[in-house]
Amino acid sequence: MKTAFLYSEDFARYSYGPTHPLKPYRLKLTYELIDAYGLFSLPDAGVIKAEIAQEDDMLLFHEKDYIEALKSANSGELIPDAQSYGLGPGDNPIFDGVYDWSRLVTGASLQAADLVARGECDIAFNIGGGLHHALARRASGFCYLNDPVVAIMSLLKKGKRVAYIDIDAHHGDGVQDAFYATDRVLTISIHETGTILFPGTGFEDETGTGKGEGYSVNIPMPPTADDELFVYAFDEIVPPLLNTFNPDFVVTQLGVDSFHGDPLAHLNYTTQGFCEVVQKIKEISPKWVALGGGGYNIANVAKAWTLAWAIMNDIDIPDTIPRAFLALHEKDGFQSGKLRENEYRVGGAGKEAMRKELERVIGVIKKKIFTKMGI
Ligand SMILES: [Zn+2]
């Protein structure tokens, strides 16, 4: 097996509530689209059933009292001190099975890390993971447990060094915070600037502290940036840093709320820029733990992660979505019948202003971090 796909039918059993933007159903939609393309029956690919994380694993990062609070919230009833744990009406609702959901997606990320670490596959993909905002004792930004941090901690326990690349529209703040003072994890986050978007952090001058100085890298993108600027920023920063850091493993958060038309963010990426970047990640990451992330247009999520799985398996798939899938799901946002979108290009003076700002940000990163790393 070269590639493993972590999945459970239980992923889609949970609901944050009818008006909440995060729909676990998108994971089932993605699974079914990949299946419709026949990409689970490739000779070197396997589907592995996701299992819940054990408490000891969650405690690699999270505080015991917070785990206990999540456990009591699992019934869906309000608990005492909910607010102090970031739980309650709004971003992080207490819903029926909130603890079960969180430890299932975290368990899947741990399995992905373990499969890759044991050499059972080169790439493992947990589309349910990538919940990068959760803190050690607080839920944040739709995330209750920080599965990327827990998975990375499990790799560090084995004495490994990890590079984390986050391309979600939002800054990967929880992961950055967890590893801000260590040189064993290089975190790189490319996201819409925190001047506009939650969580309001991730500026180019956040570069780590103490031994970790130079190992936290942030590329805040101007709002409305397009594929061209995204690929440019990635090329300038990520390959040279990875080449120098030379990690044992790469963990990525592949959020797609950065796409044109996503209801929560303002970036304008499409399947074109996303696929280009995923292909480049594959080339620089021989051992790769891939996680999902944000994405609030559910058809975009299914399309993008199907394309990502195809890239992971070195398969070029046709643009026409299989008819059997459309018959069931056309109304879910697949009316075009196509998998890929045309590139969305921003033009004019606005584009030039964005390019200038991005050049400035890249200049700051190169001056501060590349110089320190001897690049
Ligand atoms: Zn996001």
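A brief structural summary.

Thresholds, definitions, all that
- Residues numbered from 1 in each chain as written.
- Predicted model: local features only at pLDDT ≥ 70, side-chain atom pairs only at ≥ 80, totals over all residues.
- Heavy atoms only, no water.
- Axes fitted to C-alpha atoms, helices over the stretch in contact; angles between N-to-C directions.
- Helix = DSSP H or I, 4+ residues; strand = E, 2+ residues; numbered from the N terminus.
- Parallel < 35°, antiparallel > 145°, perpendicular 65-115°, else oblique.
- Left-handed = near helix turned anticlockwise from the far one by under 90°.
- Contact = heavy atoms within 4.5 Å.
- Nonpolar A, V, L, I, M, F, W, Y, C, P; charged D, E, K, R; others polar.
- Core = buried A, V, L, I, M, F, W, Y, C linked by side-chain atoms within 4.5 Å.
- Buried < 20%, exposed > 50% of the residue type's maximum accessible area, 1.4 Å probe, protein only.
- Pairing = 2+ DSSP bridges.
- Donors = N, O, S within 2.8 Å, 3.2 Å for Na, K, Ca; no water.

### Overview of the packing of helix α4 (residues 98-117) against helix α5 (residues 147-157)
Next, step 1: Between α4 and α5, whose axes approach to 9 Å, the crossing angle comes to 30°. As far as their axial angle goes, α5 and α4 are roughly parallel. The two elements α4 and α5 meet at a crossing, and its hand is right-handed. Only D147, V150, A151, S154 and L155 of α5 make contact with α4, whose side of the interface consists of V105, T106, S109, L110, A113 and A117.
Next, step 2: When the residues that make up the contact of α4 with α5 are grouped by side-chain class, the tally is seven nonpolar, three polar and one charged.

### Quick word on the nonpolar core
Inside soluble globular proteins, nonpolar side chains tend to come together where they are buried.
Next, step 1: Of all hydrophobic cores here, the largest spans 136 residues; its most connected members are F125, M221, L254, F274 and W305.
Next, step 2: If you tally residues by element for this core, the top one is helix α9 (residues 298-312), at 12 residues.
Next, step 3: Discounting residues that sit within four places of it in the chain, L254 has contacts with F125, I167, F274, V278, I281, W288, A290, L291, G292, W305 and M312.

### Things to note about the pairing of strand β1 (residues 3-7)
Next, step 1: Across the five residues of β1, five count as buried, placing the element largely inside the fold.
Next, step 2: Here five bridges tie β1 to strand β2 (residues 45-49), and the two strands are oriented parallel to one another. Paired with L6 across the bridge in β2 is I48.

### Here we look at the coordination of the zinc ion
Next, step 1: Only D168 (OD), H170 (ND1) and D257 (OD) from the protein coordinate the zinc ion, and they sit 1.9 to 2.1 Å from it.
Next, step 2: Mapped onto the sequence, the donors of the zinc ion take the spacing D-x1-H-x86-D. Remark: D257 occurs in the loop between β7 (249-253) and α8 (271-284) and H170 occurs in the loop between β4 (162-166) and α6 (173-178); sequence separation between them is 87 residues. The pair formed by H170 and D257 is uniform in burial state, with each residue classed as buried.

### Details of the sheet that holds β4
Next, step 1: Read across the open sheet, the eight strands follow the order β2-β1-β3-β8-β7-β4-β5-β6; overall the sheet is parallel. Lying at the two open borders of the sheet, with one neighbouring strand each, are β2 and β6 (216-221). With direction set aside, neighbouring strand axes in the sheet form an average angle of 15°.
Next, step 2: Of the pairings in the sheet, the one linking β4 to β7 comprises five bridges and is parallel in character. Bridging from a neighbouring strand, A163 pairs with V250 of β7.
Next, step 3: Along the sheet, helix α11 (residues 348-373) contacts β5 (185-192) and β6; its crossing angle with β6, the most-contacted strand, is approximately 170°.

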